[in-house]
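Examination of the molecular architecture
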Amino acid sequence: MEQLHPKQGIGASGVESAPAVANEPVFIGARSGTGSLPSSAANAAEKPDFIRVSKSVRQNYEPSEEVLNLLETFRMMTNDCVRIGLANNASSLKRLSLLCYKELSRYNIVSYYKLHAISRAAGMLASRKKSIRRGMPTKDPYAVRPQLVSCYGFKVVNGVLKVPLGERRYFDVPLNGHTQNVLSEVGLKVRSFTLTASSVSLTVCKEVKEIECTRTAGLDRNLRNLTYGDEGRVVQYDLSKAVKIAGTTREIVGSFKRNDVRIRRRIASKYGRRRRNRINNLLNCATKQIVEEAYNGREAIVLEDIKGIRSLYARGNAQGGAFRGRMNSWSFGEAQRQVEYKAKWRGVPVIHLTKGETRGTTIGCARCGERLQVAQKDDVRHRRQLWCPRCGRWVDRDVNAVTNLSRRGRLRFDRSLPEGAEGEACEAMKGNPTTPAILRVDASKMTRRGIPRSYLNQRIILPSD
Ligand SMILES: [Zn+2]
């Protein structure tokens with residue numbers, strides 16, 4: 001850990017060096033913004049070779065009485081700073097530091113915790129300011145939960161996190177197997193820790209080199225599966241279990257009839273949490289596998305723009321309650337979020353298509369561009385398939401969508417390459433009448449480590465029509 005003397009960080013000149021760690025989102029990615037083009041040999045010179053990526057790992061722990069007091073003190077300090085900031089209309093870290101540091105001298109606590117309390121307050125005030133600017137209603141911010149954040153003074157030794165208590169004393173948090181496993185990666189740095197009354201979260205970062213891609217592959221999130229692939233090969237992760245979990249949760253919550261809103265709310269939040277954990281676990285297995293596949297195949301992952309998808313299933317759209325419930329418990333964004341941060345962690349480029357670029361990916365034939373027709377309602381055999389009148393064949397709805405996505409990402413990808421380098425190869429591929437092989441994977445059958453045991457044997461090749 002770089003050692004910065006706390007006093008240094010607070011002088012008029014050195015304030016900027018005060019840590020801003022509390023404002024970091026939990027899962028942030030690389031410095032490059034979204035929508036950036038994948039690097040290639042041509043533009044690699046302009047981009048930094050290594051980008052820093054960070055993520056956090058969380059586990060539970062048992063706090064001691066002293067630690068709980070520390071968390072409470074930190075919370076009080078934060079609220080003091082917020083109060084001072086509101087009174088003086090200050091939200092920048094620099095002004096807040098100057099205003100608050102003296103005030104915090106009455107707390108008997110390690111001085112870098114004071115810096116972090118100021119930093120945390122600055123973050124809260126800044127987000128309030130942002131909300132005001134956007135015209136959203138705001139309340140005066142107030143830290144409710146006891147918490148402690150620091151990027152100084154702690155150590156991770158032999159699988160134990162040592163949290164400084166002052167006067168060279170430490171509180172030991174034994175790290176569990178998962179956390180130690182995450183920390184064991186080579187080239188990793190632990191940047192900061194966050195303690196709450198029940199959990200500890202470590203922010204880790206590393207420098208990663210973005211891989212050079214030769215291909216693109218689309219990712220499509222559907223209600224019952226996650227489909228990933230391109231013209232040559234498509235892998236489908238079965239998520240029908242997620243639909244079942246969501247349905248069971250709806251039933252359980254709906255079966256409680258007591259007319260007490262507090263109890264209902266508590267039950268709903270408990271079962272909601274359970275549902276989220278179970279579904280996210282399924283998604284985690286699938287997204288991990290997808291990113292590994294992209295990494296091994298040197299593929300850039302193409303994502304569609306799913307903004308506004310919720311409004312498709314809002315109340316008053318002439319849809320049934322059960323249908324809306326099913327569609328709205330579909331975790332559209334979570335799969336993308338997981339793929340994004342996992343891809344960044346591995347250095348796999350992600351291409352975000354715009355709304356315009358995504359248009360027609362489900363309804364246009366991937367081979368000829370003709371508008372596809374939906375099967376008859378009673379046609380059970382072609383339920384997830386679409387008919388192309390020009391090609392005269394049935395196409396799998398999901399396979400068609402990812403092929404289109406991958407190709408549109410590819411167009412963007414080619415534009416970033418020098419003139420004529422790869423563009424023609426793509427044009428030639430357009431008329432290529434290969435039917436992709438489909439691998440179907442049951443996400444729930446994958447092990448916790450994400451190694452799909454059953455998956456390599458499950459190669460299902462779609463008949464050509
Ligand atoms: Zn066609």
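Residues numbered from 1 in each chain as written. Predicted model: local features only at pLDDT ≥ 70, side-chain atom pairs only at ≥ 80, totals over all residues.

1. A few points about the overall build of the protein chain
Scanning the protein chain from N- to C-terminus turns up eleven helices and 17 strands. Here the protein chain holds 465 residues, and 32% of them are scored as buried. Taking contacts inside the protein chain between residues at least 6 apart in sequence as the whole, the part at least 24 apart equals 70%. (Helix = DSSP H or I, 4+ residues; strand = E, 2+ residues; numbered from the N terminus. Buried ≥ 20, exposed ≤ 12 C-beta atoms within 10 Å, placed from the backbone. Contact = placed C-beta atoms within 7 Å.)

2. Quick word on the sheet that holds strand S2 (residues 147-150)
The four strands lie next to each other as S1-S7-S6-S2, forming an open sheet whose pairing is antiparallel. Edge positions in the open sheet fall to strand S1 (50-60) and S2, since each of these has one partner strand only. Across the sheet, the axes of successive neighbouring strands diverge by a mean angle of 20 degrees, strand direction being ignored. Both strand S6 (residues 189-196) and strand S7 (residues 199-209) contribute to a ladder of six bridges, which runs antiparallel. The partner of Ser 192 across the bridge, within S7, is Thr 203. (Pairing = 2+ DSSP bridges. Axes fitted to C-alpha atoms, helices over the stretch in contact; angles between N-to-C directions.)

3. Observations concerning the nonpolar core
Soluble globular proteins: nonpolar side chains tend toward being buried together. Counting 44 residues, the largest nonpolar core has Leu 219, Ile 301 and Val 302 as the members making the most contacts within it. Dropping the residues within four chain positions of it, Ile 301 is found in contact with Ala 217, Leu 219, Ala 294, Val 339, Ala 343, Val 348 and Val 350. Membership of the second largest hydrophobic core comes to 34 residues, among which are Leu 148, Val 149, Leu 195 and Val 200. (Core = buried A, V, L, I, M, F, W, Y, C linked by C-beta atoms within 7 Å.)

4. Quick word on the confidence of the model for the protein chain
Per-residue confidence for the protein chain gives a mean pLDDT of 79, with 79% of residues at or over 70. Contacts from residues 420-433, a stretch scored under 50 in pLDDT, to residues over four places away or in other chains number eight contacts. Per-residue pLDDT stays below 50 along residues 448-465; that stretch engages in 27 contacts with residues further than four places along the chain or on separate chains. (pLDDT = per-residue confidence, 0-100.)

5. Details of the environment of Pro 174
Considering the arrangement of structural elements, one finds Pro 174 in strand S5 (residues 169-174). In this structure Pro 174 comes out as partly exposed when scored by C-beta crowding, with 13 C-beta atoms within 10 Å. For the pair Pro 174 and Asn 60, spaced 114 residues apart in sequence, the C-alpha separation works out to 9.8 Å. Among all residues touching Pro 174, those that are not within four sequence positions of it are Gly 159 and Val 160.

6. Some details on the pairing of strand S4 (residues 160-166)
The pairing of strand S3 (residues 155-157) with S4 spans three bridges and is antiparallel. Considered in S4, the bridge of Val 157 is made with Val 160. Linkage of S3 to S4, two consecutive antiparallel strands, is achieved through a turn of two residues, within which Asn 158 is found at a positive phi near 50 degrees. As defined by bridge partners, S4 adjoins S5 across six bridges and the pair is classed as antiparallel. Looking at S5, one finds that Val 163 is bridged to Phe 171. Remark: two residues form the turn of the hairpin made by S4 and S5, two consecutive strands paired antiparallel; Glu 167 in that turn has positive phi of roughly 55 degrees.

7. With respect to the pairing of S6
With four bridges connecting them, S2 and S6 associate as antiparallel partners. Residue Val 149 lies in a different strand from S6, and its bridge partner there is Thr 194. The hairpin formed by S6 and S7 contains two residues between the paired strands.

8. Some thoughts on the sheet that holds S4
What the three strands build is an open sheet, ordered S3-S4-S5; its pairing is antiparallel. Lying at the two open borders of the sheet, with one neighbouring strand each, are S3 and S5. Sheet twist, expressed as the mean angle between neighbouring strand axes with direction ignored, is 35 degrees.

9. What to know about the packing of helix H1 (residues 65-88) against helix H2 (residues 93-100)
Here H1 crosses H2 at 110 degrees, and the two axes come no closer than 10 Å. The orientation of H1 relative to H2 falls into the category roughly perpendicular. Across the interface between the two elements, Asp 80, Cys 81, Ile 84, Gly 85 and Asn 88 from H1 touch Leu 96, Leu 99 and Cys 100 from H2. Of the residues belonging to the contact of H1 with H2, the class tally is five nonpolar, two polar and one charged. (Parallel < 35°, antiparallel > 145°, perpendicular 65-115°, else oblique. Nonpolar A, V, L, I, M, F, W, Y, C, P; charged D, E, K, R; others polar.)

10. Remarks on unusual backbone geometry
Although it is not a glycine, Asn 158 sits at a positive phi angle of roughly 50 degrees. Tracing the backbone through its elements, the reader meets Asn 158 in the loop between S3 and S4. Using a count of 9 C-beta atoms within 10 Å as the deciding quantity, one classes Asn 158 as exposed. Positive phi, close to 55 degrees, is recorded for Glu 167, a residue that is not glycine. Among the secondary structure elements, Glu 167 is positioned in the loop between S4 and S5.

11. So, the environment of Leu 68
With respect to the helices, strands and loops of the structure, Leu 68 is situated in helix H1. For the pair Leu 68 and Gln 147, spaced 79 residues apart in sequence, the C-alpha to C-alpha distance is 8.8 Å.

12. Structural notes on the packing of H2 against helix H3 (residues 111-133)
A pair of packed helices is captured by two measures, namely the crossing angle of their axes and the spacing between those axes. In contact at an axis separation of 9 Å, H2 and H3 are set at 130 degrees when each is read in the N-to-C sense. With respect to each other, H2 and H3 are oriented oblique. Classified by chirality, the crossing of H3 by H2 is right-handed. Contact with H2, carried on its side by Leu 93, Leu 96, Ser 97 and Cys 100, involves Ile 118, Ser 119, Ala 121 and Ala 122 of H3 and no other residues of that element. Looking at the contact of H2 with H3, its residues break down into six nonpolar, two polar and no charged. (Left-handed = near helix turned anticlockwise from the far one by under 90°.)

13. Quick word on H2
Among all positions in H2, only Leu 93, Leu 96, Ser 97 and Cys 100 are buried. Down the axis of H2, the sector holding all buried residues measures 105 degrees, keeping them to one side. As for H2, its buried residues are in contact with H1 and H3. (Arc of directions from axis to C-beta.)

14. Describing the environment of Asp 396
Mapped onto the elements of the fold, Asp 396 is located in strand S15 (residues 393-396). Asp 396 sits in the buried class, given 20 other C-beta atoms within 10 Å. Counting along the chain gives twelve residues from Asp 396 to Arg 384, while the straight-line C-alpha distance between them is 6.2 Å.

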